[in-house]
Amino acid sequence: MTLLDTAKERWSGTISTLTIGADAAAGGTRKSVVTVGGAGGLPFAPFDGAPPHSIAVAMEVWDCPPEDWPRSLADALGDVVASPAEWAKACVEKWGADLICLRLASTHPDQGDASPQEAAATVRSVLEAVDVPLIIWGCDLPDKDNLVLSVCSQAAAGERCLLGTVTEDNYKTLVASCLADGHCLIGLSPIDINIAKQVNVLVTDMGFPLDRLVMYQTTGALGYGLEYTYSIQERGRLAALGNDRLMGVPVICMVGQEAWRAKEARATSEELPGWGDEGERGVYWEIATATALLQAGSDILVMRHPKAAQALKTTIDRLTTV
Amino acid sequence: MALKALDIFKLLPKTNCKKCGCPTCLAFAMKLTTQKATLDECPDVSEDAKAQLSGAAAPPIRLVAIGAGAAKIEIGGETVMFRHEESFYHPPGIGVVLPDNLDEDDLRARIAAVKALSFVRVGMRIGVTVVGVENVSGDAAAFASTVKAVASLELPMVLIARQAAHAEAALAECAAARPLIHAATDADWQEYVRVAKSAKCPLAVTGPDLDSVAALAVQVRKAGIEDIVLDLGAGSIAAGVEAMTAARRLALKRKADGVGFPCMAVVREPDPYQNVSDCCAYVAKYAGIVLTPLSGPEQIAPILTLSQNLYTDPRKPVQVEAKLYSVGAVTPQSPLLVTTNFSLTYYTVQSEVEASRVPTYIGVIDTEGTSVLTAFAADKLSSEKVAAFLMSAEVSEAVSHRKVIIPGYVAAMSGSLNEDSGWEVLVGPREASALSKYLKTVWQDT
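Residues numbered from 1 in each chain as written. Chains lettered and ligands numbered in written order. Predicted model: local features only at pLDDT ≥ 70, side-chain atom pairs only at ≥ 80, totals over all residues.

**As for the overall build of chain A**
Tallying secondary structure elements over chain A gives 12 helices and 10 strands in all. Computed over the C-alpha atoms, the radius of gyration of chain A is 19 Å, within 12% of the 20 Å expected from 2.2 N^0.38 for a compact globule of 322 residues. C-alpha atoms of chain A, sized along the principal axes, occupy 60 × 55 × 35 Å. (Helix = DSSP H or I, 4+ residues; strand = E, 2+ residues; numbered from the N terminus. Rg over C-alpha atoms; globule rule 2.2 N^0.38 Å.)

**Some remarks on the overall build of chain B**
Within chain B one finds 17 helices and 17 strands. Seen through its C-alpha atoms, chain B measures out along the principal axes to roughly 75 × 70 × 35 Å. Among the 446 residues that make up chain B, the fraction classed as buried is 46%. In chain B, of all internal contacts separated by at least 6 residues, the share reaching a separation of at least 24 is 63%. (Buried ≥ 20, exposed ≤ 12 C-beta atoms within 10 Å, placed from the backbone. Contact = placed C-beta atoms within 7 Å.)

**Quick notes on the interface of chain A and chain B**
Taken together, the contact pairs 44 residues of chain A with 47 residues of chain B. Elements with a minimum of two residues in the side of chain A that touches chain B: helix H1 (3-7), helix H8 (226-241), helix H10 (263-266), helix H11 (278-297) and helix H12 (306-319) of chain A. Considering every element that reaches the side of chain A that touches chain B, the biggest residue donor is H11 of chain A, with nine residues. Across the side of chain A that touches chain B, the residue classes tally to 21 nonpolar, 13 polar and 10 charged. (Nonpolar A, V, L, I, M, F, W, Y, C, P; charged D, E, K, R; others polar.)

**Comments concerning the domain arrangement of chain B**
You can read the domains of chain B as domain 1 (5-57), domain 2 (63-310) and domain 3 (324-445). A separation of 37 Å is found between the C-alpha centroids of domain 1 of chain B and domain 2 of chain B. (Domains from an automatic or database assignment.)

**What about the packing of helix H5 (residues 142-155) of chain A against helix H6 (residues 172-181) of chain A?**
All names here are of chain A. Two numbers describe how H5 lies on H6: the axes approach to 9 Å, and their chain directions differ by 0 degrees. Classed by the angle they form, the pair H5 and H6 counts as roughly parallel. Contacts between H5 and H6 pair Asn-146, Leu-149, Ser-150, Ser-153 and Gln-154 from the former with Thr-173, Leu-174, Ser-177, Cys-178 and Asp-181 from the latter. Partitioning the contact of H5 with H6 into residue classes produces three nonpolar, six polar and one charged. (Axes fitted to C-alpha atoms, helices over the stretch in contact; angles between N-to-C directions. Parallel < 35°, antiparallel > 145°, perpendicular 65-115°, else oblique.)

**Describing the environment of Asp-63 of chain A**
Residues and elements named next belong to chain A. You can see Asp-63 is positioned in the loop between strand S3 (56-62) and helix H2 (71-77). For Asp-63, a count of 24 C-beta atoms within 10 Å corresponds to the buried category. Spatially, the C-alpha atoms of Asp-63 and Leu-104 are 5.5 Å apart, while their sequence positions differ by 41 residues.

**Some points on the packing of helix H6 (residues 164-174) of chain B against helix H7 (residues 189-199) of chain B**
Residue and element names in this part refer to chain B. With their axes 9 Å apart at the nearest point, H6 and H7 run at an angle of 15 degrees to one another. On the basis of their axis angle, the class for H6 and H7 is roughly parallel. Considering only the axes of H6 and H7, their crossing is left-handed. Taking contact as the criterion, the partners of Ala-164, Ala-167, Glu-168 and Leu-171 in H6 are, on H7, Glu-191, Tyr-192, Val-195 and Ala-199. (Left-handed = near helix turned anticlockwise from the far one by under 90°.)

**Some thoughts on the pairing of strand S2 (residues 73-76) of chain B**
All names here are of chain B. When strand S1 (residues 63-66) meets S2, the two strands line up antiparallel, connected through four bridges. From the neighbouring strand, Ala-65 faces S2, where its bridge partner is Glu-74. Here S1 folds back onto S2 in antiparallel fashion, the turn holding six residues, of which Gly-67 has a positive phi close to 90 degrees. (Pairing = 2+ DSSP bridges.)

**So, helix H7 (residues 193-205) of chain A**
Residue and element names in this part refer to chain A. Its 13 residues give H7 an end-to-end C-alpha distance of 18 Å, which sits within 8% of 18 Å, the value for a rise of 1.5 Å per residue. Listed in full, the buried residues belonging to H7 are Ala-196, Val-199, Asn-200 and Val-203. Along the long axis of H7, the arc covered by the buried residues comes to 95 degrees, so they all point the same way. Exposed and facing more than 90 degrees away from the buried side of H7 are Asn-194, Val-201 and Asp-205. As for H7, its buried residues are in contact with strand S6 (162-166), H6, strand S7 (184-188), strand S8 (213-216) and H8. (Expected span 1.5 Å × (residues − 1). Arc of directions from axis to C-beta.)

**A word on unusual backbone geometry**
Of note, the bond from Gly-164 of chain A into Thr-165 of chain A is cis; its omega dihedral lies within 30 degrees of zero at 10 degrees. Mapped onto the elements, Thr-165 of chain A comes out in strand S6. The omega torsion across His-182 of chain B and Ala-183 of chain B is -5 degrees, close enough to zero to call that bond cis. Structurally, Ala-183 of chain B can be placed in strand S8 (residues 180-184). Residues other than glycine seldom take positive phi values, yet Asn-16 of chain B does so here, at roughly 50 degrees. Mapped onto the elements of the fold, Asn-16 of chain B is located in the loop between helix H1 (5-11) and helix H2 (25-33).

**Focus on the confidence of the model for chain B**
Here chain B averages 93 in pLDDT, while 98% of its residues score no lower than 70. As scored by the predictor, the complex reaches a pTM of 0.88 and an ipTM of 0.97. (pLDDT = per-residue confidence, 0-100.)

**A word on the sheet that holds strand S5 (residues 134-137) of chain A**
Residue and element names in this part refer to chain A. In space, the eight strands of this open sheet follow the order S8-S7-S6-S5-S4-S3-S10-S9, with parallel pairing throughout. Two strands lie at the open edges of the sheet, namely S8 and strand S9 (252-253), each paired on one side alone. Relative to S8, S7 is paired through four bridges, and the arrangement is parallel. Bridging across to S8, Gly-187 finds its partner in Met-215. Sheet contacts for H7: S6, S7 and S8; angle to S7, the most-contacted strand, approximately 145 degrees.

**Thoughts on the nonpolar core**
Core analysis: the biggest nonpolar cluster contains 240 residues, and Ala-58, Ile-100, Ile-136 and Leu-301 of chain A together with Leu-203 and Val-205 of chain B have the highest contact counts within it. Top contributing element to this core by residue count: H11 of chain A, with 10 residues. If we skip the residues at most four places from it in the chain, Ala-58 of chain A touches Ala-97, Asp-98, Leu-99, Ile-100, Cys-101, Ile-135, Ile-300, Leu-301, Val-302 and Met-303 of chain A. By size, the runner-up hydrophobic cluster in this structure holds nine residues, among which are Leu-12, Cys-20, Cys-25 and Phe-28 of chain B. (Core = buried A, V, L, I, M, F, W, Y, C linked by C-beta atoms within 7 Å.)

**Section: the sheet that holds strand S11 (residues 263-266) of chain B**
All names here are of chain B. Read around the closed barrel, the eight strands follow the order S3-S6-S7-S8-S9-S10-S11-S12; overall the barrel is parallel. Strand after strand, the sheet turns through a mean of 30 degrees between neighbouring axes, direction not considered. In the packing of H7 onto the sheet, the strands contacted are S8 and strand S9 (203-206), and the crossing angle to S8 comes to about 165 degrees.

**Topic: the environment of Pro-51 of chain A**
Residues and elements named next belong to chain A. Relative to the elements of secondary structure, Pro-51 occurs in the loop between strand S2 (34-37) and S3. Along the backbone, Pro-51 and Gly-40 are 11 residues apart, and their C-alpha atoms lie at a distance of 6.6 Å. Aside from chain neighbours lying at most four places away, what touches Pro-51 is Gly-38 and Ala-39.

**Some details on helix H8 (residues 210-222) of chain B**
The terminal C-alpha atoms of H8 of chain B lie 18 Å apart, and with 13 residues this matches the ideal 18 Å at 1.5 Å per residue to within 8%. All of the buried residues in H8 of chain B are Leu-210, Val-213, Ala-214, Leu-216, Ala-217, Val-220 and Arg-221 of chain B. The arc that holds the buried residues of H8 of chain B, viewed along the axis, is 160 degrees, so those residues lie on one side. Packing partners of the buried residues in H8 of chain B comprise H1 of chain A together with S8, H7, S9, strand S10 (228-231) and helix H9 (237-254) of chain B. Backbone geometry just downstream of H8 of chain B places Gly-224 of chain B in the positive-phi region, at approximately 110 degrees.

**Some thoughts on the pairing of S8 of chain A**
Residues Leu-213 and Met-215 of chain A of S8 of chain A are buried on one face, and the alternating residues Val-214 and Tyr-216 of chain A, pointing to the opposite face, are buried as well. Read as a crossover between parallel neighbours, the route from S7 of chain A over H7 of chain A to S8 of chain A is right-handed. (Right-handed = clockwise from strand over helix to strand, strands pointing away.)

What follows is the structure in structure tokens.
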């Protein structure tokens, strides 16, 4: 018996297995689907039992050109930000994203207040432009999200998208839509394991299947509360392995969104002398945030910079090939 | 594993002789469990009891010191698998490895680059804490002269030698600095043990997998070396992370032999993105030393920051002093924000204010290290507290206007704060990231 055999822990629970995207056989139009979860041990500890599925890398696509993204990020994305469909295409064809996270930012009253119908048209255009699965993310205003996401849910019916977010105070409308249209759901809870579980309880009490749920416990960037996210995710994974079924749900992290808020990623060389190359600094910050959260147990990581997304895919391959 | 006082008591003479200064042997046993006394204070303890107790008192993962003097680091000594169970205590040594085949100018430039790897984050200075020299030349004299030059950094060193004799040559330059000698293998460990013993330096052991490294550590310890570091980074990153995770669990939960030592890795991945990501994986997963050939600040700062994050004690929220702070060239007309004394909250606000270039006062309220929402919910950020701060002498001496900007999340207190203090209350943004825009637009218009 090797030491790795001796180290093996017999866990009683597993993370549920979640498939996003529906191919023709499943009634959708996706050419590729994403399956995550199913792990029965600690992350990157295959002596506990190797997980059956890999970790997915999504890239963010906005429905309107983002305004104050730092130069190194904006330059890397280039002109495609003018069209969500073109942007999504570049993410899949040039940068290798496993799935697209479409942010309906323009539906926010401060960002143009786009109508549910306009948002649904954007969803359709992205579904037509790419054949990978889609995450559809609202503007994080509960009332507007309820209006917008229910229309988008219908527009994407049968494609088994991942829609978000629902919270403990606002879930009924979106749960009903996703049940009717066959989508998956993201439950949001602010770095609090009890609320995370509560959201899962409320959503499944409405008859929503646990294996179509993803947890978003909010993400702290490297240097900006990463350790809180890290420990919450570790605690969640341990609870799931200890057979708490309602915590055994895959985890999504908004890595790009948070990493690019950090001063260390955004600041120019004049503002932050001695911290290294301005064009690369944010890419490293995003990569480091992602690779740290991988170690805490993450299933879907949503990235922004093409180089960071590509590097993360390579990292995941290397970490899962002993 | 820590013993209970009663278990220790059973091994003591039970004479209550008071020679140790304690009224009874049981009282002495209780002091021993909390490390307030040491066993040699008992003159009558038997050799057998000594042996049993010293074995039991040994920590599951040995604490190993590398280097000497002010820059010395201690690695290992960890007690948990997960930081939320208690805390991680000894942050890994993170550093750059320099080759010994550089010409004099190159070497000087590389040493200067390493020296510059120092950053201030959230009020703390973080920097590389160790430096490696690798014997890529295969030559003993080149290795020794490079080590001599690198020793000027006064950082704990890792001597990555091709053979024990080369380490010995380099030690002639720096043995008193107590570098870590790297690395004994199955083929040459006796030689390395001889060199490490005579120089009284810690020794790294390495091999193709966890079993061979642990077996080698057992042999090296039997040969008289106590300060051992396990290099588990010889294979792929997947194998390295797996081995370090297994070693931590084996040491803490299974009491397996040969794994109760700090681990290390020299990350050789040529792609810089992958190299940084490997370093981060090792920082998260239990390494005591991580060395990389990279030395770009944009590459090293994230690795250091991750270590700073994960080795923060989760039981103690990090706080800043509750007082009035100023950012930029403030005047009595400058805006005044209030926030909490949770370090992360304060420094996030502070960095956004800095970025706005609008000189601003930041009033920090003592909320016992909780964030805005948590503090508000627990009544630790109440309108009474904020009003008391606004009416304090330090505020009235600094600010001539009577307008305060409160966090968007506590908009609910604006009415009562206005009543309690008589100040005009402006509701700022919920997120610090919107502060810059707020100060430049909304505030300018008031």
